[in-house]
Amino acid sequence: MIQAALLREVGTSPEVVSVDLQAPGPGQVQVRVKAAGLCQSDLSVIYGKIPQLTPLILGHEGAGVVEQVGEGVTGFQVGEHVIFNWVPSCGHCWYCEHERTDLCEEAFMQMTLGTQTDGSTPFALQGEEVYQFSQTSCFAEQTVVPENALVKIDRDLPFEVAAVMGCAVLTGFGAVKHTAQVTPGSTVAVIGCGGVGLNVIQTAKLMGATTIIAMDRTEQKLQDARDFGATHTLNPLHTPDLIGATLDLTDQLGVDFAFEVVGRPETIQQAYGLARKGGKVIVVGVASPDQEVTFNAFALPAESKVITGSWYGQARMEEDIPEITRLYQEGKLKLQELISHRYPLEQLHEAIHTLEAGEARRIILLPGGV
Ligand SMILES: [Zn+2]
Ligand SMILES: [Zn+2]
């Protein structure tokens, strides 16, 4: 039996309970979770904004140590340090064969089904199967995942730093580097300065953007944004006309790259308005599947803006994680500074409350205790 954060039903409060964990089968790896990040997406699952089957063990951003390997596993050994990849690519669908592993059909399907590709889940509660979130479920002392849901990391990396790499950092870093391809001297706007938004900001700075306008309703987050490289900050509570203010900061052009990191139709439309003609609008925030956003039909050709989504930073884990590790070790990416709160797993409720209150950069849950 292991302790894990169980969501019995969508819309209810998750509980930390004892569940059964199966030993790793063929191709599976058992991991002792050392640190896990609480992501907005976990809240979206709790509230049903990201539809998932229940009962479900939460958590998709985390790091740990390999505890046991199943038959046929060749890539990992007991004792190695790893992080989770919540889009474990199958390697054989059209997207995987065309260097878009972020859009892997199989990974997406398993995320919907809440199981691994063989239909199994490693968790059970009193004989009843418990679903696994994105083949990961790392709000648990231990989990069992398919081999391709893991990436090896440097042993010197603190586990909490490694944990945030797996979602918040990669999503922001990749959105800037791979999706937007931000260029030196460019102008950037970022709506939403939570864990992912701060990584958009610091990566944009790293890639040479010279004007970075950060927008958020929380003053603390705007202070964080300045610490991570924003050159200007705007609070819509004080500056309702964000588009007008952005035009004033960009010679009445609008920005080259506008990032939406909130996941709401209004802010997606706002991001569109912030970009200059021919500029790029990158939607990183995840809205719920029943929401729609509209754009002026004439403006689409006339302004020729590029609207694109960015899922998991369009990441290529095998290349991006070593690069992010190097940039962190060279002091070029602030990762330790991303972590503002730590809670033992048992205090999940307090952690959720802190995230909802908008007070946190990134919250780390420690299944082994603080
Ligand atoms: Zn996440
Ligand atoms: Zn695939």
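Small disclaimer: the values here were computed from a predicted structure and weren't measured. (Residues numbered from 1 in each chain as written. Chains lettered and ligands numbered in written order. Predicted model: local features only at pLDDT ≥ 70, side-chain atom pairs only at ≥ 80, totals over all residues. Heavy atoms only, no water.)

Attention now goes to the UniProt feature "domain: Enoyl reductase (ER)" (unreviewed entry) in the protein chain. In the UniProt entry, the feature "domain: Enoyl reductase (ER)" (unreviewed entry) is given for residues 11–365. Annotation note: span residues 11–365, helix share 31%, strand share 26%, distance between end C-alpha atoms 21 Å. (UniProt positions renumbered as here; feature names shortened; annotations may be inferred. Helix = DSSP H or I, 4+ residues; strand = E, 2+ residues; numbered from the N terminus.)

Turning to the nonpolar core, a few remarks are in order. As a rule of thumb, nonpolar side chains are buried together in soluble globular proteins. Ranked by size, the top nonpolar core spans 61 residues in total, and within it Ile83, Val188, Ile201, Phe259 and Leu335 carry the most contacts. For this core, the elements supplying multiple residues, two or more each, are helix H3 (105–113), helix H4 (159–180), strand E11 (187–191), helix H5 (195–206), strand E12 (211–215), strand E14 (255–260), helix H10 (317–329) and strand E18 (362–366). At 13 residues, the largest contribution of residues to this core is made by H4. With residues up to four places along the chain from it excluded, the contact list for Ile201 reads Val190, Cys193, Ile212, Ala214, Ala225, Phe228, Gly229 and Ala230. Ile46, Phe84, Leu345 and Ala351 belong to the second-largest nonpolar core, a separate cluster that totals 33 residues. (Core = buried A, V, L, I, M, F, W, Y, C linked by side-chain atoms within 4.5 Å. Buried < 20%, exposed > 50% of the residue type's maximum accessible area, 1.4 Å probe, protein only. Contact = heavy atoms within 4.5 Å.)

Glancing now at the coordination of the zinc ion (ligand 2). Surrounding the zinc ion (ligand 2) are the protein donor atoms Cys90 (SG), Cys93 (SG), Cys96 (SG) and Cys104 (SG), at 2.3 to 2.4 Å. For the zinc ion (ligand 2), the 4 donor atoms in the first shell make angles of 102 to 117° at the metal, a pattern classed as tetrahedral. Look at Cys90 and you get buried, because its relative accessible area is 16%. A relative accessible area of 13% places Cys96 in the buried class. (Donors = N, O, S within 2.8 Å, 3.2 Å for Na, K, Ca; no water. Tetrahedral: all angles 85-135°; square planar, octahedral: opposite > 155°, others 65-115°.)

Attention now moves to helix H1 (residues 40–47). By the criterion of burial, H1 is predominantly enclosed, with 6 of the 8 residues buried. Where H1 is buried, its residues contact strand E1 (2–7), strand E3 (28–38), strand E4 (56–57) and helix H11 (348–356). Gly48 sits one or two residues past H1 and shows a positive phi near 85°.

Glancing now at the coordination of the zinc ion (ligand 1). Within the first shell, the zinc ion (ligand 1) binds the protein through Cys39 (SG), His60 (NE2) and Cys167 (SG), at distances of 2.0 to 2.2 Å. Mapped onto the sequence, the residues coordinating the zinc ion (ligand 1) show the spacing C-x20-H-x106-C. With His60 in the loop between E4 and strand E5 (61–69) and Cys167 in helix H4, the pair connects residues that are 107 residues apart, well separated along the chain. In this structure, His60 and Cys167 share a single accessibility class: buried.

Judged by pairing direction, the sheet is parallel, and its 6 strands sit side by side in the order E13-E12-E11-E14-E15-E16 without closing on themselves. Strands with a single pairing partner mark the edges of an open sheet, and in this sheet they are strand E13 (232–234) and strand E16 (306–309). Strand after strand, the sheet turns through a mean of 15° between neighbouring axes, direction not considered. (Pairing = 2+ DSSP bridges. Axes fitted to C-alpha atoms, helices over the stretch in contact; angles between N-to-C directions.)

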